[in-house]
Amino acid sequence: MIDILTWMHNIGIAILTILISVAIFIIQDKKRKDWDELVMIDRVINVKKFSSALMLIFVPILFWNINNMFSWYNIIIFVLFCIGVIYCIVVLYNIYKWIKAIEIEGLNFYNYRTKLRIEYLKNIKNSSEKKSIWNLIFKNNNKDMQEELVFLDIFVNQIKQMIEDNKFKEALEFIKIFSREINNLSISDWREFDLLFPFLLNWHFDNSIQYNTNDKGLVFETKSVLEKCILKFIVAALHDGTSYLLFEYLKKHVEKINISEPNKEKYLFHFFSIVSPVLFENIKSSPEDYDIWDEFFPSEWKITLSNLKTNNFAPLLWENFWSWSRNRIINPTLEYDFILEDVARELFPETDPILWADVLRFLCLPWYNDDRIGSIIKQKKNFGMVGRVISHPSRDINKIILNNTIELALFIGNNQFTEEKLVKYLTELDKYSGNYSAENYKVIFKEMLERIRNDIK
């Protein structure tokens, strides 16, 4: 009787010894993630069940009836003991599979470890624990790309569920974690960009327009965090070769908004006001800058007379270009502004870049002592020195480009280019005969004056 009892006790001690040894090995595992011990406790061991199993092994044998081995009482104790032992063996087998996965991690992404990590992430209920885990995940900048994509998909779905459940404050806390550690993610990779960027755009719109909450502070803070993330994605896409996706999603995002509704019109104005300056500042430094202007940048966003009259996007781009460029023209910080040069040429594709730069300078620059022309001519020109490359130049094409430039200038700055003012400008220009800028302005103003007088006739 006593031998059987000792045998049961020894089995329990042996299992405990093995488990302690394995636990030490796992703790020392350099390939484990910071949150793997939580996965082990919850998924591999299941500490609640494991504690119960240990109790089934050790507690019942304290009540073993040594006088009657085959009593129903001892049989029940033995069955409980066997259940505890079997569960511990299952745990040991799971730990074995966890350790074995070390050898194939990186070669086979969907191994046992990854499977349990995914299960754990999907089933965390406690919000504080969930935030801690995501913080650890995003801080780690050595993630496998496939693993990162799967984790991010879970993250996005969890936030979507929070929003669906009207848990807007909780969703904000989670996107803050993401925003803080965004530099540790591969957001320029097209797969991550494809997953996250449209989600952020949609959330930004819903937060601004559709959220059913009176907490304006929460809405504003969420919008601010989302905009920081969106701008990070835009810069990453432009610099690292995901520009085609960037403009595809930006275009889809704004085109689905019905601008006839006042609050949505206001949203679009704000959206372009945060996005446009970042695009203007970064396209030039993109390795895809020529492809962006020729293929990716939506043609209806470019500022032409036709677009200004027929769609809602070109006027928004013009307003934002005007705000962005004025400071660069009035307070230049560079000897020559290649970024402004690039944007002023490509955003206005039907104009003569040299003459158009003169028009912009004329509209922007301040003047002194009632000498507008003299003030403008005397200020050094820091953009608009390079003309447009034309495959087969001809007099007709040059005339068309000049006409486009004049028509656009009259449309945009009509109150500055009346017949009376143009006559005054031309008179003032006579004082600067021979000056290169003055001669350009003469061409522009004479064409404008002729166009106005012909229209009057």
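Residues numbered from 1 in each chain as written. Predicted model: local features only at pLDDT ≥ 70, side-chain atom pairs only at ≥ 80, totals over all residues. Heavy atoms only, no water.

Here we take up the overall build of the chain. Secondary structure summary: the chain contains 21 helices and zero strands in total. Expressed as a percentage of the 457 residues in the chain, the buried residues total 47%. Of the contacts made within the chain by residues no fewer than 6 positions apart, 73% connect residues no fewer than 24 positions apart. Accessible surface, the chain: about 23600 Å² in total, of which carbon and sulfur atoms supply 55%. (Helix = DSSP H or I, 4+ residues; strand = E, 2+ residues; numbered from the N terminus. Buried < 20%, exposed > 50% of the residue type's maximum accessible area, 1.4 Å probe, protein only. Contact = heavy atoms within 4.5 Å. Areas by Shrake-Rupley, 256 points an atom, 1.4 Å probe, with all protein chains shown as cover.)

The phi torsion at N166 lies on the positive side, around 60°, for a residue other than glycine. Among the secondary structure elements, N166 is positioned in the loop between α7 (145-164) and α8 (168-180).

Take the packing of helix α9 (residues 190-209) against helix α12 (residues 262-282) next. As a packed pair, α9 and α12 sit with axes 11 Å apart at the nearest point and diverge in direction by 135°. The angle between the axes of α9 and α12 places the two elements in the oblique class. As for how α9 packs across α12, the hand of that crossing is right-handed. Contact residues: α9 offers L201, H204, F205, S208 and I209, while α12 offers N263, K264, Y267, H270, F271 and I274. A breakdown of the residues in the contact of α9 with α12 according to their chemical character gives six nonpolar, four polar and one charged. (Axes fitted to C-alpha atoms, helices over the stretch in contact; angles between N-to-C directions. Parallel < 35°, antiparallel > 145°, perpendicular 65-115°, else oblique. Left-handed = near helix turned anticlockwise from the far one by under 90°. Nonpolar A, V, L, I, M, F, W, Y, C, P; charged D, E, K, R; others polar.)

Evaluated as defined, the whole model comprises 35 aromatic pairs. With a centroid separation of 6.4 Å and an interplanar angle of 55°, the aromatic rings of Y244 and F296 are classed as tilted. Separated by 52 residues along the polypeptide, Y244 in helix α11 (residues 243-255) and F296 in helix α13 (residues 289-296) bring together distant segments of the chain. Residue class for Y244 comes out partly exposed when judged on its relative accessible area of 38%. Measuring from ring centre to ring centre gives 5.1 Å for F280 and W324, while their planes differ by 50°; the resulting arrangement is tilted. Residue F280 is found in helix α12, and its partner W324 is found in helix α15 (residues 313-330); the two are separated by 44 residues along the sequence. Here F280 matches W324 in class, with each residue buried. Linked through ring pairs, F205, F247, Y267, F271, F272, W293, F297, W301 and F313 together constitute an aromatic cluster. Against the face of F362 rests R372, its NZ or CZ located 4.1 Å from the ring centre. (Phe/Tyr/Trp six-rings, centres within 6.5 Å; stacked < 30°, edge-to-face > 60°. Lys NZ or Arg CZ within 6 Å of the ring centre and 35° of its normal.)

Turning our eyes to something else, we now look at the nonpolar core. F178, F197, L246, F321, F417 and F445 are the most contacted members of the largest nonpolar core, which has 134 residues in total. Among residues more than four places away in sequence, those in contact with L246 are F193, F197, I234, A237, L238 and L279. (Core = buried A, V, L, I, M, F, W, Y, C linked by side-chain atoms within 4.5 Å.)

Our next topic: the pattern of salt bridges. Summed over all chains, the structure comprises 20 salt bridges. We note a salt bridge from E147 to R117, for which the minimum N-O separation is 3.2 Å. Of this pair, E147 sits in helix α7 while R117 sits in helix α5 (residues 112-123); the two residues are 30 residues apart in sequence, bridging distant segments of the chain. Accessibility expressed as a relative area gives 3% for E147, which makes it buried. On the accessibility criterion, R117 (0% relative accessible area) is buried. For E341, the salt bridge goes to R345, with nearest N and O atoms at 3.4 Å. Of the two residues, E341 and R345 both sit in helix α16 (residues 338-346), four residues apart, roughly one turn of that helix. Each member of the pair E341 and R345 is classed as buried. Salt bridges sharing partners connect three or more residues here, namely E341, D342, R345 and E346. (Salt bridge = Lys/Arg side-chain N within 4 Å of Asp/Glu carboxyl O.)

What follows concerns the confidence of the model for the chain. Looking at the chain, pLDDT values average 85 and 90% of them are 70 or higher. Within the chain, α16 carries the highest mean pLDDT (95), whereas helix α2 (residues 36-45) carries the lowest (73). Note on residues 103-107: pLDDT under 50 across the span, and five contacts to partners over four residues away in sequence or across chains. (pLDDT = per-residue confidence, 0-100.)

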